[in-house]
Every structure is written in C-alpha cells, then in structure tokens.
Amino acid sequence: MSAPPAAVDPYTLTREGLAALVAELGEPAYRATQIHGWLVRGVDDPEEMTDLPKALRTTLAARFAPSRPELVAHRVADGGHTHKLLLRFPDGEAIETVLMLYPRRATVCISTQAGCAMGCPFCATGQAGFRRQLTAGEVVRQVMVADAALRSGAIADESLPEGAPDHVTNVVYMGMGEPLANLPATLASVRWLHDPDGFGLSARAITVSTVGLVPGIRKLTALGLPVTLAVSLHAATDELRDELVPINVTHPLAELEEAVRDHRRITNRRVSIEWCLIGDVNDDDRQADALAAIARRLRAHVNVIPMNPTPGVRWKEPSRSRTAAFVARVRDRGVEVTLRDTRGRDADAACGQLLASYSLGAGSRLPAAIGAADRVDRLAAGAADRDVEVAR
Ligand code: SAH
Ligand code: SF4
C-alpha cells in the first residue's frame, strides 16, 4: 500500500500547481480557478469554499496543511498608528508583523524568516540568529491577518489617521529575516500579493528590502519580479560596511552596485537605498559624501532611519543635529533623501525587538480569511486594550 500524499500548504502552490492537484483528483479544470479564487481572497479552509462539492471539500481538507498563525501579542504604538503583531506558527516559531497606518496608506511590514543569519550587529533580529525559513503561506498570511483586522474594523478607533484605508495598500519585506535568503517564499508570496484577483498590488506597492545578497538581486532582475527593490546600504565604504553588514565581505560594494545598476537598467524601476544612521559610526561627512556618490550613480532615493536603540547593542542613535547635518549634506549633493521616523519605538516595535522582549505564552488563533468576522472579533477584543498580550 502506498503512503498517502503529503499535505501541502495551499499558498506554496502556483496556479499550475493547483491545476495539477485538481487533475490528480480527477476534477474538472475549472475547480482550480474556483479554489484559486478563494485562496487569493484569503480563504484557505476548504470547508468555507462553498461553491465546491462537499466531497471535494473533504478531500482538500485532508490535502491542505494550512499554517495559520496565532496572535500572541498585539502592541499599539504611535498613538494607534502602528500595530505590532507577534504571530506564532503551529511549530512554536514566532515572528513579527507590523501594520503602519497613514492618511492614504496602510502598509504591512512582513517577515520572511524566523530570525536571520546575516548577523548585522545593530539589528535585534540579527543578534538572535537564524531559526528557520518561513513558507510562502506563512509570509502571505501575515498580510491576510493584517488585512482582515483592518477590513473587519477590529483595530479601527478614533486614533486612526484621517483617511486611513480599510485594507492593506502596501507591503514591505522589512520585518525579520533576509527575503533574498528565502527566495522561494519571497517569489511565491509576491505572486499572491500581485495577483489581480486578490490584493492586486503593483510593483510600486510591494517593496523587497535586501541586505545586499547579489545572487538574489540578479535573480529578481532576471525574473522581472514586480517589486520595488530597497538596498540596506548603511555604509558606503567597504571598510565600514564589512563591520556593519557582514555579508559585505562576500559581496563587496562594487559588486553590489553593479547588480543594483543592472536591476535599475533592465527593470527601469527606481531603487531605494536604506541607511540606518548610527551615532558616531556612519553619520560623518565622509560617509555622507560616499553615500551621495553611490546614490547619484544609481539614481536612487535614500531613506535615512535613525537607529532604534536595541538591548545588547553598543551603538546609540545619532544626535538630532548630526542627523540633520547628514541628511542636508546628502541632499546638497543632488540626491533625493527622506528622513524616516522610526515607527513603533515606544512599543519595542523595531525589527526583532518585540520578540526579543516578549516571553511567549499561550495565544489565540487568528483568522487567515477575510470576512471571517466572528473570528476577527477576538482580535477586536484584544485590540480594545492598548499594549496587550491577546491571550493571558
Ligand atoms: N534583511 C533585510 C530586510 C529586513 S531588515 C534588510 O536588511 O534589508 C529591515 C530594515 O530594518 C533594514 O533596513 C535594517 O537596516 C533596519 N534595521 C535593523 N535594525 C535596526 C535598528 N536597530 N534601528 C533602525 N533600523 C534597523
Ligand atoms: Fe538580517 Fe536585515 Fe537584520 Fe541584517 S538588518 S540581521 S539582514 S534582518
């Protein structure tokens, strides 16, 4: 007797994969379109796919192994404009997802790995090391959880910015982990987010941030993935970057710049450069000038983010005057530069910090499905308290 086929997370399947599954089950091809239509709207429980025959729903329930997260903690910062979610998957791994609300934008910052192997010394995630890759489903569900919470009104209250959307409009791969060190999940999740029948997000609305993994950048370029690329530079000389971003030893600045230049040329998409500004480390005039030169060559936009102080990290945030002088110097050299606020600072909400400061307890299960209002009510109950652990 042969073993039963292994269960799969449906979000790891492409449209072709769904078609193959449906064919294997002896079902007509249009069933794949129906299943896709549910998945892309966030419904992954076959029992809720009401246009499928009962027998197929039962078969699919045995074949699908959804990895729905539980909400373990929900912290609210910035007067209700930043919502930090700590989500835990069935195997116990916990990751962070942050929802940031603006007047005309609702941006979710998502994680692609539990931990990170890149070891950047200023980053809380980097300090904790790598634990495991997230699957495509685990990446996509972070967006679905945030979207469901917004659509259901679960986190709406008077503190939301005027005109904040009631659904997710932008996704940034800037949470825990290095997206290009988990390419399969990054590529598959972008496909789901881009799908016109679902979120339908454009390349402008999806940003993938990388520490500078050159082979991954080249792969994105070759595939023409519909995303905006953000490169975490942090240092504009190899000597300093080797220290701040250890992968620079393997892929130094010249190699990185060439890959980014090719990406810009071939995709015709604007690239952004991220610069975490660290007091007395990378906030001097020499770095500003070197950064401006690279940004000009790449015609890139620069985002400067003052470092969020992190426990166990010896560096500190830059002074206000140094920050202003650095930004002005880069701008004076003809570069478009934006000084970003560090969202969520008052709730341990910088990259990796909520997890670092939180000891895990039992959690309540969050919905993956949009419109599962009754289940979202539980999130609403949690959101009613500020700075809460949802389950106690
Ligand atoms: N691994 C990818 C994406 C996740 S990190 C990358 O490095 O680009 C997302 C962003 O958070 C990076 O730009 C990183 O530099 C920034 N970051 C990490 N630790 C920070 C801190 N303590 N203060 C401010 N930004 C930080
Ligand atoms: Fe990893 Fe990005 Fe943190 Fe570096 S900054 S350790 S690449 S998550």
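First, a word on what this report is: a plain description of the structure on this page. (Residues numbered from 1 in each chain as written. Chains lettered and ligands numbered in written order. Predicted model: local features only at pLDDT ≥ 70, side-chain atom pairs only at ≥ 80, totals over all residues. Heavy atoms only, no water.)

### Let's talk about the environment of Ala 235
Alright, step 1. With respect to the element layout, Ala 235 can be found in the loop between strand 9 (228-232) and helix 8 (238-244).
Alright, step 2. Once the C-alpha coordinates of Ala 235 and Ala 290 are considered, the two residues, 55 residues apart in sequence, prove to be 8.6 Å apart.
Alright, step 3. Sequence-distant contacts of Ala 235, that is, excluding residues within four places in its chain, are made with Leu 240, Arg 241, Leu 244, Leu 253, Trp 275 and Gln 287. (Helix = DSSP H or I, 4+ residues; strand = E, 2+ residues; numbered from the N terminus. Contact = heavy atoms within 4.5 Å.)

### Examining the site of ligand 1
Alright, step 1. What surrounds ligand 1 is a group of 18 residues, the closest being Gly 177, Ser 209, Ser 232, His 234 and Asn 308.
Alright, step 2. Taking Gly 177, its main chain carries an N or O atom lying 3.0 Å from a nitrogen atom of ligand 1.
Alright, step 3. Ser 209 places a side-chain nitrogen or oxygen 2.6 Å from an oxygen atom of ligand 1.
Alright, step 4. Here ligand 1 loses 91% of its free accessible area of 540 Å² to cover by the protein chains.
Alright, step 5. Mapped by element, the contributors of at least two residues to the shell around ligand 1 are strand 8 (206-210) and strand 10 (272-277).
Alright, step 6. Of the residues in the shell around ligand 1, the class split is 8 nonpolar, 8 polar and 2 charged. (Near = heavy atom within 4 Å. Polar contact = N/O pair within 3.5 Å; in protein donor to acceptor, adjacent residues only side chain to side chain. Areas by Shrake-Rupley, 256 points an atom, 1.4 Å probe, with all protein chains shown as cover. Nonpolar A, V, L, I, M, F, W, Y, C, P; charged D, E, K, R; others polar.)

### As for the pairing of strand 8
For a regular strand, side chains alternate in direction, first toward one face of the sheet and then toward the other.
Alright, step 1. Most of strand 8 is tucked away, with 5 of its 5 residues classed as buried.
Alright, step 2. Alternating residues of strand 8 divide into Ile 206, Val 208 and Thr 210 and Thr 207 and Ser 209, and every residue in both groups is buried.
Alright, step 3. Alignment of strand 7 (residues 170-173) against strand 8, held across 3 bridges, turns out to be parallel. Residue Tyr 173 lies in a different strand from strand 8, and its bridge partner there is Val 208.
Alright, step 4. For the segment spanning strand 7, helix 6 (residues 183-194) and strand 8, crossover handedness is right-handed. (Buried < 20%, exposed > 50% of the residue type's maximum accessible area, 1.4 Å probe, protein only. Pairing = 2+ DSSP bridges. Right-handed = clockwise from strand over helix to strand, strands pointing away.)

### Focus on the side chain of Glu 274
Alright, step 1. Locating Glu 274 in the fold gives a position in strand 10.
Alright, step 2. With no salt bridge to any partner, buried Glu 274 finds its closest opposite charge in Arg 340, at an N-O distance of 5.7 Å.
Alright, step 3. A polar contact is formed between the side chain of Glu 274 and the side chain of Ser 272, at a distance of 3.1 Å. (Lys, Arg positive; Asp, Glu negative; His and termini not counted. Salt bridge = Lys/Arg side-chain N within 4 Å of Asp/Glu carboxyl O.)

### Overview of the pairing of strand 3 (residues 94-102)
Alright, step 1. For strand 3, the buried fraction is high: 9 of the 9 residues fall into the buried class.
Alright, step 2. A two-sided burial pattern is seen for strand 3, the buried positions comprising Ala 94, Glu 96, Val 98, Met 100 and Tyr 102 on one face and Ile 95, Thr 97, Leu 99 and Leu 101 on the other.
Alright, step 3. Direction of pairing for strand 2 (residues 82-88) relative to strand 3: antiparallel, over a ladder of 7 bridges. Looking across to strand 3, one finds that Leu 87 is bridged to Ile 95.

### Some points on the site of ligand 2
Alright, step 1. Every residue lining ligand 2 is accounted for by Cys 116, Met 118, Gly 119, Cys 120, Cys 123, Gly 126, Gly 177 and Val 211.
Alright, step 2. Grouping the amino acids of the shell around ligand 2 by side-chain chemistry returns 5 nonpolar, 3 polar and no charged.

### Concerning the side chain of Thr 221
Alright, step 1. With respect to the helices and strands, the residue Thr 221 is situated in helix 7 (residues 214-223).
Alright, step 2. Exposure remark for Thr 221: the relative accessible area of 9% places this residue in the buried category.
Alright, step 3. With near-sequence residues (within four places) excluded, Thr 221 lies in contact with Asp 262, His 263, Ile 266 and Thr 267.

### Description of helix 9 (residues 253-267)
Alright, step 1. Taking 1.5 Å per residue as the helical rise, helix 9 with its 15 residues ought to reach 21 Å, and the 21 Å between its terminal C-alpha atoms agrees with that figure.
Alright, step 2. Those residues of helix 9 lying buried are Leu 253, Leu 256, Glu 257, Ala 259, Val 260, Asp 262, His 263, Arg 264 and Thr 267.
Alright, step 3. Each element contacted by the buried residues of helix 9 is listed here: helix 7, strand 9, helix 8 and helix 10 (285-298).
Alright, step 4. Positive phi shows up at Asn 268, right after helix 9, with a value of about 60°. (Expected span 1.5 Å × (residues − 1).)

### What about the environment of Leu 71?
Alright, step 1. With respect to the helices, strands and loops of the structure, Leu 71 is situated in strand 1 (residues 70-77).
Alright, step 2. When the C-alpha positions of Leu 71 and Leu 85 are compared, they lie 6.8 Å apart, and in sequence the two are 14 residues distant.

### A short note on the packing of aromatic side chains
Given two aromatic rings, their pairing is described by the distance between the two centres and the angle made by the two planes.
Alright, step 1. Tallied over the entire structure, the rule returns 2 aromatic pairs.
Alright, step 2. When the ring of Tyr 11 is compared with that of Trp 192, the centres are 5.0 Å apart and the planes differ by 75°; the resulting orientation is edge-to-face. Of this pair, Tyr 11 sits in the segment before helix 1 (15-24) while Trp 192 sits in helix 6; the two residues are 181 residues apart in sequence, bridging distant segments of the chain.
Alright, step 3. We classify Tyr 11 as buried; its relative accessible area is 0%.
Alright, step 4. Here Trp 192 falls in the buried class, since its relative accessible area comes to 6%.
Alright, step 5. Above the face of the Trp 38 ring, Arg 41 is positioned so that its terminal group lies 4.8 Å from the ring centre. (Phe/Tyr/Trp six-rings, centres within 6.5 Å; stacked < 30°, edge-to-face > 60°. Lys NZ or Arg CZ within 6 Å of the ring centre and 35° of its normal.)

### Details of helix 11 (residues 320-332)
Alright, step 1. Here helix 11 is 13 residues long and its end C-alpha atoms lie 18 Å apart, about the 18 Å a rise of 1.5 Å per residue gives.
Alright, step 2. Among the residues of helix 11, those classed as buried are Thr 323, Phe 326, Val 327 and Val 330. An end-on view of helix 11 places all buried positions within 95° of arc, on one side of the element. Looking at helix 11, the residues exposed on the side facing more than 90 degrees away from the buried face are Ser 321 and Asp 332.
Alright, step 3. One or two positions beyond helix 11, positive phi appears at Gly 334, with a value near 85°. (Arc of directions from axis to C-beta.)

Keep in mind these numbers describe shape, not what the thing actually does.
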